Every structure is written in C-alpha cells, then in structure tokens.
Amino acid sequence: MVDVPLLELRGIEKLFPGVKALSEMSFAVQAGSVHVLCGENGAGKSTLCKIINGIYQPDRGEILINGKPVVLRDPLEARSHKIAMIFQELNFIPEFTVEQNLFLGNEPVNKFGKIDWAAMRRQTVALLEQEGLPYRPDTKLKDLSVSDIQMLEIIKAISYQANILIMDEPTSAISTKEVELLFRKIAQLKSQGVGIVYISHKMDEIFRIADEISVLRDGRLIDTRPASELDIETVIKLMVGRKMESVFPEKKPQAPGPVLLDVQKLSQGKTFRDVSFQLRQGEIVGFAGLMGAGRTEVVRALFGLDEISSGTISIKGQPVTIRNVQDSIEHGVAMLSEDRKRYGIIPVRDVKENMSLSSLERVMGRFGIDHREERKRDTEMSRRLNVKTPSLETLISSLSGGNQQKIVLAKWLLRTPDILLLDEPTRGIDVGAKFEIYKLITELASEGKAVLMISSEMEELIGVCDRIYVMSKGRISGELQRKDFSQENIMKLALIG
Amino acid sequence: MAQRFSDMFLAFMSKLTSKYSIYLILLAMLVICSLLSPAFFSAKNLSNISRQISITTIISFGMTMLIIAGLIDLAAGSVMALAGILSVAIYKATGSLVIAMVTGIVIGIACNLVSGFVVTRFKTPPFIATLAMMTSARGAALLYTNGQNIYQLDQFVIFGQGDIFGIPTPVIVMVIISLVTWYLLNNTRFGRHLYAIGGNEDAARASGIKVNQTKMTAYAISGAFVGLAGVLFMSRVNAGLPNAGIGFEFDAMTASIIGGTSFSGGVGTAMGTLVGAFIMGFLNNIMNLLGIQSYLQQIIKGGIIVIAVAYDIMSKNKKTASQLGNIEERGKEA
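Just so it is clear, the model here is predicted, and its values are computed rather than measured. (Residues numbered from 1 in each chain as written. Chains lettered and ligands numbered in written order. Predicted model: local features only at pLDDT ≥ 70, side-chain atom pairs only at ≥ 80, totals over all residues. Heavy atoms only, no water.)

A. A look at the overall build of chain A. Assigned secondary structure in chain A consists of 17 helices and 22 strands. Taken over the C-alpha trace, chain A has a radius of gyration of 24 Å; the compact-globule value for 497 residues is 23 Å, and the two agree within 12%. The principal-axis extent of the C-alpha atoms belonging to chain A is close to 75 × 50 × 50 Å. Within the span of chain A, comprising 497 residues, buried residues form 55% of the whole. Of the contacts made within chain A by residues no fewer than 6 positions apart, 66% connect residues no fewer than 24 positions apart. Accessible surface for chain A amounts to roughly 21800 Å². Of this, 50% is attributable to carbon and sulfur atoms. The distance from the centre of the 67 positive side-chain charges to the centre of the 68 negative ones in chain A is 2 Å. (Helix = DSSP H or I, 4+ residues; strand = E, 2+ residues; numbered from the N terminus. Rg over C-alpha atoms; globule rule 2.2 N^0.38 Å. Buried < 20%, exposed > 50% of the residue type's maximum accessible area, 1.4 Å probe, protein only. Contact = heavy atoms within 4.5 Å. Areas by Shrake-Rupley, 256 points an atom, 1.4 Å probe, with all protein chains shown as cover. Lys, Arg positive; Asp, Glu negative; His and termini not counted. Charge placed at Lys NZ, Arg CZ, Asp CG, Glu CD.)

B. Spatial organisation of the pairing of strand β19 (residues 419-423) of chain A. Residues and elements named next belong to chain A. In terms of burial, β19 is largely enclosed, as 5 of its 5 residues are buried. Sheet topology places strand β16 (residues 333-336) next to β19; 4 bridges connect them, and they run parallel. By the bridge assignment for β19, Val333 is matched with Ile419. As paired elements, β19 and strand β20 (residues 450-454) share 5 bridges and run parallel to each other. When the sheet's bridge partners are listed, Asp423 is paired in β20 with Ile454. (Pairing = 2+ DSSP bridges.)

C. Just the packing of aromatic side chains, in detail. Taken as a whole and judged by the stated rule, the model has 10 aromatic pairs over all chains. When the centroid spacing of 5.6 Å and the interplanar angle of 50 degrees are considered together, the rings of Phe287 of chain A and Tyr469 of chain A count as tilted. Linking Phe287 of chain A in strand β13 (residues 284-289) with Tyr469 of chain A in strand β21 (residues 467-472), this pair joins segments that are 182 residues apart in sequence. The buried category is assigned to Phe287 of chain A, whose relative accessible area is 0%. By way of ring pairs, the aromatic residues Phe277, Phe287 and Tyr469 of chain A are connected into one cluster. Directly above the ring of Tyr195 of chain B sits Arg349 of chain A, whose terminal nitrogen or CZ lies 3.8 Å from the centroid. (Phe/Tyr/Trp six-rings, centres within 6.5 Å; stacked < 30°, edge-to-face > 60°. Lys NZ or Arg CZ within 6 Å of the ring centre and 35° of its normal.)

D. Region of the structure containing the packing of helix α4 (residues 97-122) of chain B against helix α10 (residues 211-237) of chain B. Residue and element names in this part refer to chain B. In the contact formed by α4 and α10, the axes pass within 7 Å of each other and the chain directions differ by 145 degrees. As for the relative orientation of α4 and α10, their crossing is right-handed in sense. Looking at the contact of α4 with α10 residue by residue, the classes come out as 13 nonpolar, 10 polar and 1 charged. (Axes fitted to C-alpha atoms, helices over the stretch in contact; angles between N-to-C directions. Left-handed = near helix turned anticlockwise from the far one by under 90°. Nonpolar A, V, L, I, M, F, W, Y, C, P; charged D, E, K, R; others polar.)

E. Local environment of the nonpolar core. Within the largest apolar cluster, 80 residues are counted, with the highest numbers of intra-cluster contacts made by Ile58, Ile59, Met65, Met80, Phe156, Met174 and Leu194 of chain B. Not counting the four nearest positions on each side in its chain, Ile58 of chain B is found in contact with Pro170, Val173, Met174, Ile177, Phe225, Ala229 and Leu232 of chain B. Core analysis: the next-biggest nonpolar cluster, separate from the first, contains 77 residues, Val351, Ile396, Val408 and Leu413 of chain A among them. (Core = buried A, V, L, I, M, F, W, Y, C linked by side-chain atoms within 4.5 Å.)

F. Here's a closer look at the domain arrangement of chain A. Residue and element names in this part refer to chain A. Domains assigned within chain A are domain 1 (7-240) and domain 2 (259-494). The straight-line distance from the C-alpha centre of domain 1 to that of domain 2 is 31 Å. When domain 1 packs against domain 2, the two sides together hide about 1100 Å² of surface, and 58% of this comes from carbon and sulfur. Where domain 1 touches domain 2, the interface holds 0 residue pairs in polar contact (both at pLDDT 80 or more). Among the residues making up the side of domain 1 that touches domain 2, the classes are represented as 5 nonpolar, 6 polar and 5 charged. (Domains from an automatic or database assignment. Buried area = accessible area lost by both parts, 1.4 Å probe. Polar contact = N/O pair within 3.5 Å; in protein donor to acceptor, adjacent residues only side chain to side chain.)

G. Expanded view of the pairing of β20 of chain A. Residue and element names in this part refer to chain A. Within β20, 5 of the 5 residues are buried, which leaves it mostly tucked inside the rest of the structure. Residues of β20 alternate between two faces, with Ala450, Leu452 and Ile454 on one and Val451 and Met453 on the opposite face, all of them buried. Sheet topology places β13 next to β20; 4 bridges connect them, and they run parallel. Across the sheet, residue Val285 finds its bridge partner in β20, namely Leu452.

H. Inspection of a nonpolar patch on the surface at higher detail. A contiguous nonpolar patch, built from Val31, Ile32, Leu35, Leu36 and Leu290 of chain B and spanning about 500 Å² of accessible area, is present on the exposed surface. The residue Ile32 of chain B is located in helix α1 (residues 2-36) in this model. (Patch = residues over 30% accessible without salt bridge, like charges linked within 9 Å, V, L, I, M, F, W, Y side chains within 5 Å. Salt bridge = Lys/Arg side-chain N within 4 Å of Asp/Glu carboxyl O.)

I. Focus on helix α8 (residues 189-199) of chain B. Within α8 of chain B, 10 of the 11 residues are buried, which leaves the element mostly enclosed by the surrounding structure. Buried residues of α8 of chain B: Phe190, Gly191, Arg192, His193, Leu194, Tyr195, Ala196, Ile197, Gly198 and Gly199 of chain B, and no others.

J. Spatial organisation of the environment of Val263 of chain A. Within the fold, Val263 of chain A resides in strand β11 (residues 259-268). Ignoring any residue separated from it by four or fewer positions in sequence, one finds Val263 of chain A in contact with Val275, Ser276, Phe277, Leu302 and Thr312 of chain A.

Shown next, in the form of structure tokens:
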C-alpha cells in the first residue's frame, strides 16, 4: 500500500501580473514528517506557503489533503482543513495582552456572545505552562521582546491543533534556548502525526529537523530528496545553481589603525552596565551574546536612539556627547537596526528616496535637490552594492529582505561614515545576499572604516570579525582574539554570570 | 505573437492608467460635463470654477503636506476666519494693504505653530490638538468682532476681486501656491522628510531627521497658506465674517484625498491635490448647471469620495502585486 500524503500539491502555477511566480510545482508532505523548503529569496517559497494557507489562489494545479482535492479560498478555509501558518513577519497587536493576542479571532465566548475572560485566562495559563514559557497572560505585547513574540506566534499556531503546520523562518528572531524549545515541540508534533512545512535559511537547523528537503529556484522545484541523502554543500549548490567558493570572504590581514571609537563604563539603568570597548580603524569587531544580553541596547544608545545613564564616549580621541541621532551622525557614526521594518525602511517610498534620506544635503543644487546628481549617485551606489531592483522608483517594500537591507546600508554609506554599527545585518536574508553583505563589510573595513557587528549567528562572527566581545546580562563578559575564536569559547562567555 | 502583443498593450495601458489615472478622470469629467451641459465648457464658466475652488484649494496644499507627514489640521477653517478678521481689522486701522496681508499670514502661522507645539511637545494626537485650536480660533474671531460682521473694506477687495490679465487674483495665488508646494515636496529636504516621517516616523528619526522641527515647519507653512486664504476670502466677500470658513478644512481634505494623498501618511503630491480640487469643482458646477437639488448634491459628493478612495486603494494593491512580479522576473534574468 502506498501512503497517501497528508498534503499534496500537483502542478501548481501562480502568475502575478507579467510574471510566473511558481510553475509546475509539485510536492508532498507526509504525516509525521518535516519537509524543509530551501531557496534564495524570490525563489517562490513564501508564495507557495501562502497558497497552502489560502492567502493566494493558484492559477493552475490542485491541492490535495489526505488524497482529496480541496479549494482554499482564504486562510479561514485553510484553518478549517487544519492548516496553520507561522509567519516570518510578526503579526500581533502591540496594545493587546498575551492572552488577547493568542485568542485573537478565536475568543472563547459564553452563550450571550460575551467574551469569557476567565476561560481565556485559564486556557492561556495552561498553554503557557504546557509550553514552558514564563510570560504573564496580561502582559501587553509591546512590552515583550521580538523573540518572545515570535515564540507566542508559534504556540498560537500550535494551539489551533493543526494537522499541517507551515513555518516561515520561525527562528529568525529567537534565541538559541528558544530554538531548542521549538525543536522539541516540532519533534512532539511529529510524533502526533502533524505534517510540517518548514522554511529556513539556516543550514544547521535544516539538517537537524528535516526529513525531506525540497530546493526551489526561480519558482521551480529543483529537487526533492530525503535529508539523509543531502549535505550542506549540495543544498547550497542546488539553491544558487553554482558552487559556493567559501561562505565567508577572504580578508587581507592588516594592522589595525588608530582607535576611532572608545567607550568607557557606559551604563543604562538595568539594561547594561560598565560597558567598555574600543573600535579601531579597519577593524571588524563582533558583539556576541544571547538574546537580551544588552547588545542592541548598547548600540542604540551609542547611536543616540536611547539615553545613557553614565559613561563616556570618545570618537577619534575627542570626548563627545550624543543626545540624539543627529549628534552621532555628525560624528560619522551610522547604524543598521536589527528591526529593519521599524527603523530601517520607509515602506511606502521608493528605492531612491530611501537611499537618499540621510544624505540629501550632498546633492543640493542651486534650485534644491539636484535630481540628476541624486540619480547618478544612487545608481552608482546600488551598482556597488549589487541591489536588484527594476528601477530606482520601485517601492522598497516590494523588494526582498536582502535588497532592502542593502538599500538601508546604502543610505548610510552615502554619508561616508567612519564608524558602522551593524545590528544583525544578515537577519532574514538568503545565503547569496548574506555573502554579499559579508564581502561588503570586509571591503568597508579595508577602506578604513571601523565596523561593529552584532550577530546571533556565531559562525558569522567567527567568519567575519577580527575581534569578538561577548556580552552577558548587560556586561561585557570577555573579549576574544581571532586565534581564540570558537563557538565553544563564545558560548562559555555568553553564559557567564 | 498576437497574444504577446495584446499582453504588452494591456500592461502599457494599466501602467498608463495607474500612474495618470487621476488626470484621466479629470479629462473624462471635462468631456462628460461638456456633453451634459452646453454651458459647462466656456471660458467664463471654467474661470468661475477656478475662482470658486481657489480658496479651499490654497488650504488644501497645506493640508496635503500635513497629511503626507501623518498630521492633520482640523482648525484650518477657524484659523482662516480669525486670520481674515484680524487682517481686515488691521487694514481698517492702518489703511495699509501690505500690513493687512502680512497680518493675516502671521496669524495663520502663529495659530498653527501653537497646534504644532502641542503636537510635538506633548505628543498630543494632531486630531485632538487641532480640534482644540478649531474651537479656540473660532472663539477668538467671534470675541474680537463681538459676533458682528465687519463691512466697508474699500481697497481691501482687490485681493479677492481683482484680476491680472483677466485671470482672477485668487486663481493666480492658487497656482503660485501649487507651484510652491510642488517645489517644497519635490526639491527640498523638508519635502522628502515629510514623506519619510509620514511613511515611518521611527525610521525617519533613526535616519537622523529632525522629526519635531519638520512637523513644526509643516504646520507653519500650512498656517501661512491658511492665513493667506483668510485674507483672500474676506476680500472676495467684501466683509470680515467671523463665522466664515466653517467646514473648509474638510473641503481641503477632500481635494487632497481625491488627489491621491494617503491618510496613512507618506503618499501624496501637489499636482494630485490640484487635480482633486478641480474634480470636486467640476462636480459641484455640473450639478448646479443640471439643477440637482443641493441636499442631494451633498449625498452624491459623499458617494464620489468613497468611490475615489476605494478605487485608489484597489489600484495601489494591484500595483504592488505587479511590482512584486517584476522583481521575481528580474531574479530570473540574473
């Protein structure tokens, strides 16, 4: 007897005006297994997931659940077929509490239609306890961190008791500890016969949980194989259609220059204390640590987005006061936020305007903005960063995450800063674009800029940095030189305290 | 091949209609109105329409800038009345047209700076802050005049009733203000900053934009336009009316919205607003020419606003989808 797959897609085709986003897409998910989708951004993974979740309707082909063809006109219909999806972008209402968000659209009501708050509280507490999450049900979501919210999204989807669970990069914003929690959950769901579609860019993760792996490229299925028959090299090769030379660019060793940024005993209330470090010209310095160690808070304060309570900052040997973002920009500092959607892009404006935003004074002609000069400069910059966009007038929100990130980076490079603070510069970006970002960071350092880079991916820090500071519980718990780089050494320091 | 050609034609048309849809609607209205009433398409009637819409349209340009930055001004009508009244009073006291004009503009700026200060300093929602200003400014206008109209304005009427080469002065002012707005939005850092703030205030701040200062400037400029409108209005009616301009802020918003300005912020153009104002002007005019009852006219106008905005939102959604398509297309080429 042949197993009927839990979910099967046959010959799915999806057209957007003027382009085929998916063609001849066929794949199947067996009950109790994890099917990982790999592919660069724009390969069609998200479109495929949105079709399974009923957000998009395919133009051709059919979807079968337990061997029976179904039509999924909207997410509610998908939910009625026990399909649930965890989105890459967070969907939540900041002013609502944990329990309100968990039960949004699904609130328990009594027979008069009034929300049964007591039942909601009971169920929330039970759910949180069951999943081992330490949140209070009445905390507002705006008071939680990105990773907490992502965990909530995950348990929310699980709480629908779906048979088919789609996870679109569920670990892009959560810490190592929570990843373990998620993987245990996935194992448990598998044993209950749930079929999981899992999208991720993180190769180590993929090989830990995948039963089957499908690689997509340019809207087509390149190959589906059992995970046991594949290795990282092969998957990357299938994804990009060429073999990666090395995941990290070669960096010419060079003697570090003078100290550009000197931070002494920087403190901010309870978030971080006595943080002292230096950045030299031409150096890439990593900041490692677990989620909540205070890394983001330190760079935000350095950039003038938050206030500090004590400590001194010197730039190029001069003590400076940074009260706001303008002050730090004046001193040649630039920052890339971990939260690109909130602090990086103006979604409703085009590529050019986003790129020019911080450096318009450099293209002012006699009659205001010199549009020709601006276009020339922005074109050069987008060529240099290899930004893939139909034109400079394309809305930034319609580009892939990697291209958006390059544009935000371009915005700062157009100001020719001396010090770059990069907070998770490769979050939510596909392998090819990641490599480009690494290459760019390396180039910038060799041009004489000082780069501080926060990352939760230790491999990335080890591959790119000259030195790594490790933070733990708001303090710098250690500094590692290149010869001492190893995931074990970083982890040891990250867990101190 | 034929299939391919017709696809390309459709794509071309959809691009044309989405980018210039508002102009096409204006053109269509011009044609339809001309067919409906022979009196419509004449130099005199078109000149009349221009004059009728000129004052609210001047306010509209300031409103457009505010809405682009995610702000709003509910006080425009009241501040216009106050500025106009004080301008008239100064004229009667000094006899100087220049001082009167400057007074009107300065009052407009001052009132809006107060609103802007409340918005930026106390983080009051712009809706509330300007709602308060709406009440206060109206009160001030009525208090100053004791609720009485001011008459006998002599020379003061040249602002609103005069013409240059046969074109009514308010229309000329409207055109100048539209050019000023266009310039500010397209060619200055201030303009770009307005779009950025309205599109994503957090990102704008993190990009080094002085958010509060930009908002204050937007309120000030919009206040100057409102003050100017006040002077023109009082001059045109040849009286200082403390109850003038009730509801003008909504007419101003209507023109902005019809012209494609998004209430979510970050989107809008000066030319769109001008076209939006003309669309509303044509509509009012043709309904009058056709003798449609005036209460019914209001209902029709309401319907038109809903249709225009719904269409705009739908076509934008489509546009985003097709742009997404283009990206994936490029991905294939690369």
